[in-house]
Amino acid sequence: MKQIFLLPLIAGFLLAGCDEEPPPIRFTDPEKPLLDTMYTTVTPTPDLKQVLLMDVTGVGCSNCPEAAVLAKNIQNANPGRINLLAVYPFIFPNHPLTNPSAGYDTLANDDAEGLVSNLGSIVGLPVGIIDQTKLSGSSFIAPSSWASTVSGRLALTPPANIKLNSSWITTDNKGRLEIKVAYHQNLSSGTKNLLYIGIVEDNIVGKQSNKDAAGGYDYKYKFSHVLRKLITPVTGDTLKADLTAGRVFEKHYYIKPRYNWNPDNLNALVWIVDANSKEILQSAEVKLKP
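Thresholds applied
- Residues numbered from 1 in each chain as written.
- Predicted model: local features only at pLDDT ≥ 70, side-chain atom pairs only at ≥ 80, totals over all residues.
- Heavy atoms only, no water.
- Helix = DSSP H or I, 4+ residues; strand = E, 2+ residues; numbered from the N terminus.
- Buried < 20%, exposed > 50% of the residue type's maximum accessible area, 1.4 Å probe, protein only.
- Contact = heavy atoms within 4.5 Å.
- Areas by Shrake-Rupley, 256 points an atom, 1.4 Å probe, with all protein chains shown as cover.
- Pairing = 2+ DSSP bridges.
- Axes fitted to C-alpha atoms, helices over the stretch in contact; angles between N-to-C directions.
- Core = buried A, V, L, I, M, F, W, Y, C linked by side-chain atoms within 4.5 Å.
- Salt bridge = Lys/Arg side-chain N within 4 Å of Asp/Glu carboxyl O.
- Patch = residues over 30% accessible without salt bridge, like charges linked within 9 Å, V, L, I, M, F, W, Y side chains within 5 Å.
- Parallel < 35°, antiparallel > 145°, perpendicular 65-115°, else oblique.
- Left-handed = near helix turned anticlockwise from the far one by under 90°.
- Nonpolar A, V, L, I, M, F, W, Y, C, P; charged D, E, K, R; others polar.
- Expected span 1.5 Å × (residues − 1).
- Polar contact = N/O pair within 3.5 Å; in protein donor to acceptor, adjacent residues only side chain to side chain.

### Some thoughts on the overall build of the protein
So, step 1. The helix and strand inventory of the protein stands at four helices and 14 strands.
So, step 2. Considering the protein as a whole, with its 290 residues, one finds that 50% of them fall into the buried category.
So, step 3. Contacts spanning at least 24 positions in sequence make up 74% of the contacts within the protein whose residues lie at least 6 apart.
So, step 4. Summing over all exposed atoms, the protein offers an accessible surface of approximately 13500 Å²; the carbon and sulfur share of this is 52%.

Listed below in structure tokens is the structure:
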């Protein structure tokens, strides 16, 4: 009976626009690191702030390609300072905005759903999450405010640097990701930071609803910056130590692509989050297969 009542509800959403329902959180098992260590060394020089712009999107959302172009333009206008992540939450089963068309790869996954759910409920697509900060009380920011919000974030100095190194093991068809997080500020005692690691894929060709395409669909659309999987839990991996200047955390992982991922198009995206405010403090990205 519940499914019968959902049908008119979904139809109403589609008539009103690209609207969404709040999804439940689903958890996947995190990967175990090859190396997990911490130590203290000379305090490093601060790196420039890198902003993480998450584009919450869907293959059935006709306005979403326009938002993807806007995100790319913001990145191009700030070279080396903007990291993009396209997240496709499930919302609820078989939702037409995120469910793939028959014969096409699904971009929606539990980890994307969990990231969005941790911040609240979305009311429409497309929408952005910029460093998980809030604008007018919401973590979900309309595309019209992306550029100004990013500009404000770029002026900040993050408390830690993120250095990434990757290598490819051809014989095993897998990558090795090495992460170093080095603090150059003393954070308040008891402050907790969380580490997130995402695997991102570019140039996935598929079917996308597009208001500007003939017939309303682009069948050769190139999806970029797509979150394929989180290596860490959807709630983050706690950096367990006092966060003081000179504190360094190192973690190494093997990352083996799934059968439908193209290794040549994969990146590793890493970010650290204040556990209390949920604000993303710093981020960095590297190609998995250099």
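What follows picks up the thread again.
### Considerations on the sheet that holds strand 5 (residues 160-169)
Pairing between sheet strands relies on hydrogen bonds along the backbone, with the strands arranged either parallel or antiparallel.
So, step 1. The antiparallel open sheet is built from four strands, whose spatial order is 1-12-6-5. Both outer strands of the open sheet, strand 1 (35-40) and strand 5, are each paired with one neighbouring strand and no more. Direction aside, the axes of adjacent strands within the sheet are offset by 15° on average.
So, step 2. Sheet topology places strand 6 (residues 174-183) next to strand 12 (residues 247-255); eight bridges connect them, and they run antiparallel. Within strand 12, the position partnered with L177 by the bridge is Y253.

### A short note on the pairing of strand 4 (residues 127-130)
Strand residues, when the strand is regular, have side chains that alternate between the two faces of the sheet.
So, step 1. Here strand 4 shows a buried face lined by V127 and I129 and a second buried face lined by G128 and I130.
So, step 2. Here strand 2 (residues 51-56) pairs with strand 4 via four bridges, running antiparallel. Within the sheet, the bridge partner assigned to M54 lies in strand 4 and is I129.

### With respect to the nonpolar core
So, step 1. Core analysis: the largest hydrophobic core is formed by 28 residues, its most contacted members being V56, L85, V87, I122, L125 and W271.
So, step 2. Of all elements in the fold, only strand 2, strand 3 (82-87), helix 3 (110-117), strand 4, strand 7 (193-201), strand 10 (226-230) and strand 13 (266-274) reach the threshold of two or more residues within this core.
So, step 3. By size, the runner-up hydrophobic cluster in this structure holds 27 residues, among which are I162, I231, L243 and W261.

### Thoughts on the pattern of salt bridges
So, step 1. What the rule picks out here adds up to 11 salt bridges.
So, step 2. K251 is the salt-bridge partner of D36, the closest N and O atoms lying 2.9 Å from each other. Of this pair, D36 sits in strand 1 while K251 is found in strand 12, placing the two residues 215 residues apart along the sequence.
So, step 3. Residues E178 and R176 are paired through a salt bridge, measuring 3.2 Å at the closest nitrogen-oxygen approach.
So, step 4. Residue E178 is classed as partly exposed on the basis of its relative accessible area of 26%.
So, step 5. Among the residues examined, R176 registers a relative accessible area of 23% and is labelled partly exposed.

### So, a nonpolar patch on the surface
So, step 1. Where nonpolar side chains cluster on the molecular surface, the patch consists of L34, L35 and Y254 and spans about 230 Å² of accessible area.
So, step 2. Looking at the secondary structure, you find Y254 in strand 12.

### Considering the packing of helix 2 (residues 64-77) against helix 4 (residues 146-154)
So, step 1. Closest axis-to-axis distance for the helix 2/helix 4 pair is 10 Å, and the angle between their directions is 30°. Taken together, the axes of helix 2 and helix 4 lie roughly parallel to each other. When the axes of helix 2 and helix 4 are compared, the crossing they make is right-handed. Taking contact as the criterion, the partners of A67, L70, A71 and I74 in helix 2 are, on helix 4, W146, A147 and V150.
So, step 2. Partitioned by chemical class, the residues of the contact of helix 2 with helix 4 number seven nonpolar, no polar and no charged.

### Details of the pairing of strand 6
So, step 1. Most of strand 6 sits out of view: seven of its 10 residues are buried.
So, step 2. Of the pairings in the sheet, the one linking strand 5 to strand 6 comprises 10 bridges and is antiparallel in character. Among the inter-strand pairings, S166 is bridged to a residue of strand 6, identified as L177.
So, step 3. Hairpin connection between strand 5 and strand 6: a loop of four residues separates the two successive antiparallel strands, and N173 in this loop has a positive phi of roughly 50°.

### Some remarks on helix 2
So, step 1. Taking 1.5 Å of rise per residue, 14 residues should cover 20 Å, and helix 2 covers 20 Å from first to last C-alpha, within 8% of that figure.
So, step 2. Those residues of helix 2 that sit buried are C64, P65, A67, A71, I74 and Q75.
So, step 3. Residues of helix 2 that are buried make contact with strand 2, strand 3, helix 4, strand 8 (204-209) and strand 9 (217-223).

### Section: helix 3
So, step 1. Buried residues dominate helix 3, accounting for seven of its eight residues.
So, step 2. By the burial criterion, the buried members of helix 3 are D111, A112, E113, G114, L115, V116 and S117.
So, step 3. The inward-facing, buried residues of helix 3 abut strand 2, strand 3, strand 7, strand 10 and strand 13.
So, step 4. For helix 3, the N-terminal cap is N109; the gap from its side-chain oxygen to the backbone nitrogen of D111 is 3.2 Å.

Interpretation in functional terms is not warranted from these geometric data alone.
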